[in-house]
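This is what each chain is made of:
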Amino acid sequence: TPLMKRQAIMAMQLALACTFLLALNSCFKDNCSKTYTIYKPIYATLAETRSLMKSSAPREIENPGKLYIYGNYIFLNDQQLGIHVIDNSQPTNPRNVGFISIPGCVDMAVRGNTLYADSYGDLVTFDIKSPTNVVPVKFMNSVFEHRAQYYVQSGTTFDPDSIKLVVGWTTKDTTVDCETYQRNFDMFYASSRADASGNYASPQVGGVAGSMARFTIMNNYLYTVTRSQLKTFDISTPQDPTHKTDVNIGWNIETIYPFKERLFIGSMSGMFIYDVSNASNPVKRGQFNHINSCDPVVADDKYAFVTLPSGTQCQGFTNQLEIIDISN
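Keep in mind it's a predicted model, so treat the numbers as computed, not measured. (Residues numbered from 1 in each chain as written. Predicted model: local features only at pLDDT ≥ 70, side-chain atom pairs only at ≥ 80, totals over all residues. Heavy atoms only, no water.)

## Description of the overall build of the protein
Note the threshold: Secondary structure counts use DSSP, requiring at least four H or I residues in a row for a helix and at least two E residues in a row for a strand, with both numbered from the N terminus. Only protein chains enter the accessibility calculation, which uses a 1.4 Å probe; a residue whose area is less than 20% of its type maximum is buried, one above 50% is exposed, and one in between is partly exposed. Two residues form a contact once any of their heavy atoms are found within 4.5 Å. Here the Shrake-Rupley method, with its probe set to 1.4 Å, supplies the accessible areas, and only the displayed protein chains count as covering residues.
When its secondary structure is counted, the protein shows four helices and 22 strands. When the 328 residues of the protein are sorted by exposure, 41% land in the buried category. Counted over contacts in the protein with a minimum sequence separation of 6, partners at least 24 positions apart contribute 49%. Per element, the accessible surface of the protein, about 18300 Å² overall, is 54% carbon and sulfur.

This is the structure we're talking about:
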């Protein structure tokens, strides 16, 4: 009958439509994939690393940090790698004449013929009487505890032949489907550091150095700041420093600036003023609070100048200079 024919045609059309939809779905199947980089650490013993901490041939500057003027020479930090020695006897034509390998180095200070530099958690003293033939004379273990994880991982030993630390990285790109990527992220990586591209176990050891000093020398003392402490070292015998005191300041400490018998210490939340008229016993004299921001500071007799820049790891947004009356 005509009705039965129409029903048969409609049923056939419905079947064809379903078949088409199924085929269309298979054509548009999601083939999403993600590529991320895995960093695998390269280890060396602390003894092996220390044996290389001496002058070597000049090399290209990779990631310049802080610099120090020493007579006709410039010592330029290459962050986490060491220090370049630059002959500046002709200022219009400075020459890179050597390199001191110091893994984990981001800070330094100079007194006479002695260079003080950090190497991850250690303080290393160098004889620089001959700037192109620099040699280490003393290693102080784990004085910067927040960067000395290799001691924690090795237990209680300070034997440099038994301690291993990361001296480099190998990389491998891995491509997986999005479902596997998300599953790996949820199971393994969610609590680890990753960059925007999904690179995990990023090869950044310790922290990234700021633009202002964390080491300074006043009279016969070397003062350094960690993320939470002010540390003092007696350097009256320059090549044999001794660790004297640790003073808890607060958190997120960034910079230190000396002026006369005061230390001006910058943090993400404010500036601290310490009196060091008794050099081995810094005493807090004042504090100025500000919004959360990276905080380089310099000072003179009457004013402290605090900069609160934006576009930094502190996520500040003010781009502001604060001038503080410190006459009292």
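Here the narrative resumes, following the displayed structure.
## Description of the sheet that holds strand β10 (residues 135-140)
Rules: By definition, two strands form a pair when at least two bridges between them are found by DSSP. Axis lines are fitted to C-alpha atoms, over the contacting stretch for helices. Their N-to-C directions set the angle, which ranges from 0 to 180 degrees.
The sheet built from four strands is open, its strands ordered β7-β8-β9-β10 with antiparallel pairing. Two strands bound the open sheet, and with one partner strand each, they are β7 (108-111) and β10. Taken pair by pair, the neighbouring strands of this sheet meet at an average axis angle of 25°, ignoring direction. Pairing between strand β8 (residues 114-119) and strand β9 (residues 122-127): six bridges, direction antiparallel. Across the sheet, residue Ala117 finds its bridge partner in β9, namely Val124.

## Digging into the side chain of Thr216
Looking at the element boundaries, Thr216 is found in strand β12 (residues 215-218). Thr216 sits in the buried class, given a relative accessible area of 8%. With residues up to four places along the chain from it excluded, the contact list for Thr216 reads Tyr221, Leu222, Tyr223, Ile256, Pro258 and Leu263.

## Re the pattern of salt bridges
Side-chain pairs of opposite charge can arise where the charged atoms are in close proximity. Inclusion rule: Definition used for salt bridges: Asp or Glu carboxyl oxygen within 4 Å of a side-chain nitrogen of Lys or Arg.
Under the counting rule described, the total for this entry stands at eleven salt bridges. For the salt bridge of Lys129 with Asp127, the shortest nitrogen-to-oxygen distance reads 3.2 Å. In this structure Lys129 comes out as exposed when scored by relative accessible area, which is 59%. Close ionic contact of Asp246 with Lys231 constitutes a salt bridge, the shortest N to O distance being 3.2 Å. Placement of the pair is Asp246 in strand β15 (residues 242-248) and Lys231 in strand β14 (residues 229-234), with a sequence separation of 15 residues.

## A word on the environment of Thr170
If you trace the backbone, Thr170 turns up in strand β11 (residues 164-177). In this structure the C-alpha to C-alpha distance between Thr170 and Lys40, which are 130 residues apart in sequence, comes to 5.2 Å. Discounting chain neighbours no more than four positions away, the residues touching Thr170 are Ile38, Tyr39, Lys40 and Ile42.

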